[in-house]
Amino acid sequence: MQVKAPDRATAERPAPAHRPAPRPPTSAPLLRSRRVQGLGYAAPTAVFVAVFFLLPLLLVAQMSLSDWPLLAGDRGVNAPENYTDVTDGALFWPAVRFTLLYTVIVTVALLGLALLLALLVQESRPGAGFFRTVYFLPGALGLASASLLFWGLYSPTTGPLSRVLERLGLADGPVSFLGTPTSALLSTVFLVVWKFAGFYMLILLVGLQRIPPEVYEAARMDGAGRGQIFRSITLPLLRPSLALSLLLCVTGSLLAFDQFFVLTKGGPDNSTVTVVQLIYREAFQRLDLGTAAALSILVLAALLLLNVAQFRGLRRADES
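Residues numbered from 1 in each chain as written. Predicted model: local features only at pLDDT ≥ 70, side-chain atom pairs only at ≥ 80, totals over all residues. Heavy atoms only, no water.

Trainee: Hey, could you run me through the overall build of the chain in this one?
Mentor: When helices and strands are tallied, the chain shows 14 helices and zero strands. Its helices and strands in sequence order give the chain the pattern α-α-α-α-α-α-α-α-α-α-α-α-α-α, from N to C terminus. The C-alpha radius of gyration of the chain comes to 30 Å, more than 25% above the 20 Å expected for a compact globule of 320 residues. A principal-axis box enclosing the C-alpha atoms of the chain has dimensions of 120 × 65 × 35 Å. Each of the 320 residues in the chain was classed as buried or not, and the buried ones make up 32%. Long-range contacts, defined here as pairs at least 24 residues apart, represent 65% of the contacts in the chain between residues at least 6 apart. In the form shown here, the chain has an accessible surface area of approximately 20700 Å², with 65% of it arising from carbon and sulfur atoms. (Helix = DSSP H or I, 4+ residues; strand = E, 2+ residues; numbered from the N terminus. Rg over C-alpha atoms; globule rule 2.2 N^0.38 Å. Buried < 20%, exposed > 50% of the residue type's maximum accessible area, 1.4 Å probe, protein only. Contact = heavy atoms within 4.5 Å. Areas by Shrake-Rupley, 256 points an atom, 1.4 Å probe, with all protein chains shown as cover.)

Given below as structure tokens:
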């Protein structure tokens, strides 16, 4: 029997590729089941946000437009009187200026020290883990508790710092760390930097450890020095961690309350009154919830605008 050889076109024709079997269409009941399951997962968070954020925000907005004494309740709409009362107050603009000054000083000092600490403990060397823990320990203490601790340390009569300075001959008598506007501000800044430097060090340390070591090795092989490596490699690649730290630090500083409430009570002579302290005074000392709510809305709007500006600036820097 003679077998016919395949022609050339048939022999050179490629074998058909194996195609995966098409997925069976998802049934409508299964899609509905998945949607219900997703809603079930998201429901607890949605309820939490609605109860503890949206409803209080709506209530504060209503208060800001109403005559609302603390002990008498809502007396009706008086908009925009609460907002004009806030800006016309004698302490409003001094509190705004002081809060901005405090924010700038704390942000520069805190992030500068946190970056230095992160660079010191970046490499895995003997004792690095111990120092990381020591630097982070103050962050585990509550801010109110830390403020009480430093209030005792700063006391000119019973505090140890004043006695140490006297024995060293650096002071002729008891030192009042909170007695003048400048010393009160710097003493509070020292407390905040001591407490939060380890926390921001941890954020920056994570960013440093995400930088590939090969990048540093290539830069050293090209003859780059430490300063050039820090400016051209470390800082640009650390930008996301620095941006997060900057956002948290600025927001927290603008909302400063505990440390000044415990250490200075806004003194001396109302020189350390922050915006949040002003809200507290309007609500619980002057018993005017309407004006306090109006000031809260203004602070919230300022924070939103500031955060949007920061995000846009960071996005433009990344694109460039």
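Trainee: Can you help me understand the layout of surface pockets in this one?
Mentor: In this approach, a probe sized like a water molecule rolls over the atoms, and the result shows the empty space that is left. In this model, the largest pocket occupies a volume close to 590 Å³. Around the largest pocket, the lining comprises 16 residues; the ones closest to its centre are L119, Q122, E123, Y216 and R220. For the lining of the largest pocket, the secondary-structure elements that each account for two or more residues are α8 (181–209), α9 (213–221) and α10 (226–237). Grouping the constituent residues of the lining of the largest pocket by class yields seven nonpolar, four polar and five charged. Within this model, the second largest pocket holds a volume of roughly 300 Å³. In terms of lining residues, the second largest pocket is bounded by 15 residues, among which V276, I279, Y280, A292 and S296 are the most central. Those elements that place two or more of their residues in the lining of the second largest pocket are α2 (28–64), α13 (275–284) and α14 (289–319). Here the residues of the lining of the second largest pocket sort into 14 nonpolar, one polar and no charged. (1 Å grid on protein atoms, 1.4 Å probe; cavity = no way out; pocket = protein on both sides within 12 Å on 5 of 7 lines; lining within 4 Å. Points joined across faces, edges and corners; volume = space filled by probe spheres on them. Nonpolar A, V, L, I, M, F, W, Y, C, P; charged D, E, K, R; others polar.)

Trainee: Would you take a moment to explain the confidence of the model for the chain for this structure?
Mentor: Detailed conclusions should not be drawn from predicted coordinates in areas where pLDDT is low. Taken as a whole, the chain shows an average pLDDT of 86; of its residues, 90% reach a score of 70 or greater. When pLDDT is averaged over each element of the chain, helix α4 (residues 92–120) comes out on top at 95 and helix α1 (residues 8–12) at the bottom at 49. (pLDDT = per-residue confidence, 0-100.)

Trainee: I'm lost on the side chain of N307 in this one. Help?
Mentor: Here N307 shows up in helix α14. Since its relative accessible area comes to 19%, N307 is described here as buried. When near neighbours in sequence (up to four residues on either side) are disregarded, N307 contacts L247 and T251.

Trainee: What should I look at first to understand the pattern of salt bridges in this one?
Mentor: Side chains carrying opposite charge are able to pair once their charged atoms draw close together. By the definition in use, this model includes one salt bridge. Of the charged contacts, one joins E282 and R286 as a salt bridge, the two residues approaching to 3.0 Å between their closest N and O atoms. On the basis of relative accessibility, which here comes to 59%, the residue R286 falls in the exposed class. (Salt bridge = Lys/Arg side-chain N within 4 Å of Asp/Glu carboxyl O.)

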